[in-house]
Amino acid sequence: MVSFDVAIGLFWIGCGIVILIPAWLIAVRGRADLHVHYDDSVDPTYVSRRAGTTALLMAVATITYGLAQVRFGYQPTAFVGLLVTLLVLATLTKRFAQGWGWHGE
C-alpha cells in the first residue's frame with residue numbers, strides 16, 4: 001500500500017509536469033501565442049522570455065514541492081509556501097503576457 005504522502009507528492013509532481021510542458025514551449029520554443037493571456041500587440045520574444053521563464057519557475061516549484069512531500073511528508077509551511085509562490089508567479093506571468101514592463105516602439 002502506498003502512503004498518502006507519496007500519492008499526493010506524485011500528484012504534485014504530475015501537476016508540475018503539466019505546467020512544465022507549455023512553459024517549455026513558451027520559453028524555449030518561443031510560442032508566446034500559447035499563453036492564454038497573450039496580447040498580440042506585445043513582442044512575442046519579450047513574452048517568451050519573461051512569461052515563459054516565470055512559468056518554468058512555477059513548474060520547478062511544483063515539482064520540487066512534490067519531491068519534498070514524497071521525501072519528508074506533508075509540511076504545512078511548505079504547502080503554504082507553494083501556494084503563495086504559485087499565486088505570485090501566476091500573477092507575474094499573466095502581467096508579462098499582457099505586456100507589463102515592455103516598452104514598445
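Conventions and cut-offs
Numbering of residues starts from 1 in each chain and follows the order in which that chain's sequence is written. Totals for whole chains, interfaces and linings use every residue, but because this is a predicted model, local features are given only for residues with pLDDT of at least 70 and side-chain atom pairs only at 80 or more, for both listing and counting. With hydrogens and water excluded, all non-hydrogen atoms of the structure serve as input to the side-chain values. In this text, helices come from DSSP runs of H or I with a minimum length of four residues, and strands from runs of E with a minimum of two, each type numbered from the N-terminal end. Partly exposed describes any residue whose relative accessible area lies between the buried limit of under 20% and the exposed limit of over 50%, with all areas from a 1.4 Å probe on protein chains only and scaled to the type maximum. The contact definition used throughout considers only heavy atoms, calling two residues in contact when any of these lie within 4.5 Å. For the area figures, the Shrake-Rupley method with a 1.4 Å probe applies, and any residue is considered shielded solely by the protein chains shown. Note that His is not counted, nor are the chain ends; the positive residues are Lys and Arg, and the negative ones are Asp and Glu. Charge positions are represented by NZ for Lys, CZ for Arg, CG for Asp and CD for Glu. For patches, a residue must show more than 30% relative accessible area and have no salt bridge; joins then use 9 Å for like charges and 5 Å for nonpolar side chains, namely Val, Leu, Ile, Met, Phe, Trp and Tyr. The term salt bridge refers to a pairing of a side-chain nitrogen on Lys or Arg with a carboxyl oxygen on Asp or Glu at a separation within 4 Å. Any helix carries an expected span of 1.5 Å times its number of residues minus one. Geometry of aromatic contacts follows a simple scheme: Phe, Tyr and Trp rings, the Trp one being its six-membered ring, pair when their centres are within 6.5 Å, and the pair is stacked under 30 degrees between planes, edge-to-face over 60, tilted otherwise.

S.K.: I'm lost on the overall build of the chain in this one. Help?
M.R.: Scanning the chain for helices and strands turns up 3 helices and 0 strands. Put simply, the chain runs from its N terminus to its C terminus through helices and strands in the order α-α-α. Taken along its principal axes, the extent of the C-alpha atoms in the chain is 60 × 25 × 15 Å. For the chain, the residues scored as buried account for 30% of the 105 residues in total. Taking as baseline every contact in the chain between residues at least 6 positions apart, the subset at least 24 positions apart corresponds to 76%. Surface exposure of the chain reaches about 6600 Å², of which carbon and sulfur atoms provide 68%. The positive charge centre, built from 7 side chains, and the negative charge centre, built from 6, are 8 Å apart in the chain.

S.K.: Would you mind showing me how to read a nonpolar patch on the surface here?
M.R.: A surface patch of nonpolar side chains, amounting to about 530 Å² of accessible area, comprises Ile17, Ile21, Trp24, Leu25, Val28 and Leu34. Mapped onto the elements, isoleucine 17 comes out in helix 1 (residues 4-27). On the accessibility criterion, isoleucine 17 (41% relative accessible area) is partly exposed.

S.K.: How should I be thinking about helix 1 in this particular structure?
M.R.: One turn of the α-helix equals 3.6 residues, which is why residues spaced by three or four share an orientation. Over its 24 residues, helix 1 extends 34 Å from the first C-alpha to the last, a length consistent with the 34 Å expected when each residue adds 1.5 Å. The complete set of buried residues in helix 1 reads Gly9, Trp12, Ile13, Gly16, Ala23 and Ile26.

S.K.: Is there a simple way to explain the packing of aromatic side chains in this structure?
M.R.: To describe a pair of aromatic rings, you give the distance between the ring centres and the angle between the ring planes. According to the stated counting rule, one finds 7 aromatic pairs in the structure shown. Consider the rings of tyrosine 46 and phenylalanine 96, whose centres lie 6.4 Å apart with planes at 85 degrees: the pair is edge-to-face. Remark: phenylalanine 96 occurs in helix 3 (residues 76-97) and tyrosine 46 occurs in helix 2 (residues 44-72); sequence separation between them is 50 residues. Grouping residues by exposure puts tyrosine 46 and phenylalanine 96 together as buried.

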